[in-house]
Amino acid sequence: MWFNLFFLFVIIQRVAELFLARRNEMKMRAKGAIEVGRAHYKWIVMLHIAFFLSLWFEVTVFHRTPPGWWPIPFTLYIIAQMLRVWTISSLGPYWNTKIIILPGASVIAKGPYLYLRHPNYLVVCIEIIVIPLLFQAYFTAILFTVLNAYLLTIRIPEEERALEGATNYKYQFSKKRRFLPGSE
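Calculation notes
- Residues numbered from 1 in each chain as written.
- Predicted model: local features only at pLDDT ≥ 70, side-chain atom pairs only at ≥ 80, totals over all residues.
- Heavy atoms only, no water.
- Helix = DSSP H or I, 4+ residues; strand = E, 2+ residues; numbered from the N terminus.
- Expected span 1.5 Å × (residues − 1).
- Buried < 20%, exposed > 50% of the residue type's maximum accessible area, 1.4 Å probe, protein only.
- Contact = heavy atoms within 4.5 Å.
- Polar contact = N/O pair within 3.5 Å; in protein donor to acceptor, adjacent residues only side chain to side chain.
- Salt bridge = Lys/Arg side-chain N within 4 Å of Asp/Glu carboxyl O.

Student: Can you help me understand helix H4 (residues 119-133) in this one?
Tutor: Think of an α-helix as turning once every 3.6 residues; residues three or four places apart then point the same way. With 15 residues, H4 should cover 21 Å at 1.5 Å per step; its first-to-last C-alpha distance of 21 Å lies within 8% of that length. Across the 15 residues of H4, eleven count as buried, placing the element largely inside the fold. The inward-facing, buried residues of H4 abut helix H1 (2-30), helix H2 (38-61), helix H3 (71-91) and helix H5 (138-166).

Student: Would you mind going over the side chain of Glu35 with me for this structure?
Tutor: If you trace the backbone, Glu35 turns up in strand E1 (residues 34-36). Here Arg29 takes part through its side chain, which lies 2.9 Å from a polar atom of the side chain of Glu35. Among the polar contacts listed, one links the side chain of Glu35 to the side chain of Arg38, at a separation of 3.2 Å.

Student: Could you clarify how one ought to interpret the pattern of salt bridges in this entry?
Tutor: Scanning the entire structure with this criterion turns up ten salt bridges. Where Arg84 meets Glu127, a salt bridge forms, and the shortest distance between an N and an O atom there is 2.4 Å. Of the two residues, Arg84 is situated in helix H3 and Glu127 in helix H4; the sequence distance between them amounts to 43 residues. Taking relative accessible area as the criterion, Glu127 reaches 3% and is therefore assigned buried.

Student: Explain the environment of Leu53 to me, please; I cannot follow it from the model alone.
Tutor: Counting through the fold element by element, Leu53 comes out in helix H2. Look at Leu53 and you get exposed, because its relative accessible area is 56%. It is 28 Å that separates the C-alpha atoms of Leu53 and Val36, two residues lying 17 residues apart in sequence.

Student: Quick question: what am I supposed to make of H1 here?
Tutor: Helix length check: H1 (29 residues) gives 42 Å between terminal C-alpha atoms against 42 Å at 1.5 Å per residue, within 8%. When we look at burial in H1, the residues that qualify are Phe3, Phe6, Phe7, Val10, Gln13, Arg14, Glu17, Ala21, Asn24, Glu25 and Met28. Buried residues along H1 sit against E1, H2, H3, strand E2 (99-101) and H4. Where H1 ends, the next residue or the one after it, Gly32, has phi of about 105°, a positive value.

Structure follows, in structure tokens:
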């Protein structure tokens, strides 16, 4: 029962984010924004769909339940959600699931972006590990952590190249790390 409620909550959250992303995309396109990375975006969508299917299958078919140490991954999940809200609210209309670039815009350098370049990707990395760990879905945690890491090796450099070419990204973020606070 806990799994079904949690699973439903996360799915509803993702669907709401897709609506927000679509609304933000329309606003940005109206201002002249362009999309970059369209070729790999479908793989990111497929990865996330497959993640939820694998999670559901592993937990329901193998009757996985929360471990005795469930407060640890749950606490990490809550921290990730707070970082997600902070990230989305900091970016405002610039937040998206796609790479939508508004040429000539100044990049956002507030909120979590004061400390690291890619807080949203950090949130996703944390979630892909801790959500399955909440229910002992170890196969899903390992497989999708590896697949997500691989896709990010494609997505992040492409996003950074696009931002460097069209905004003040290089000036603003050249000394910040991608995922951990501090300077490089």
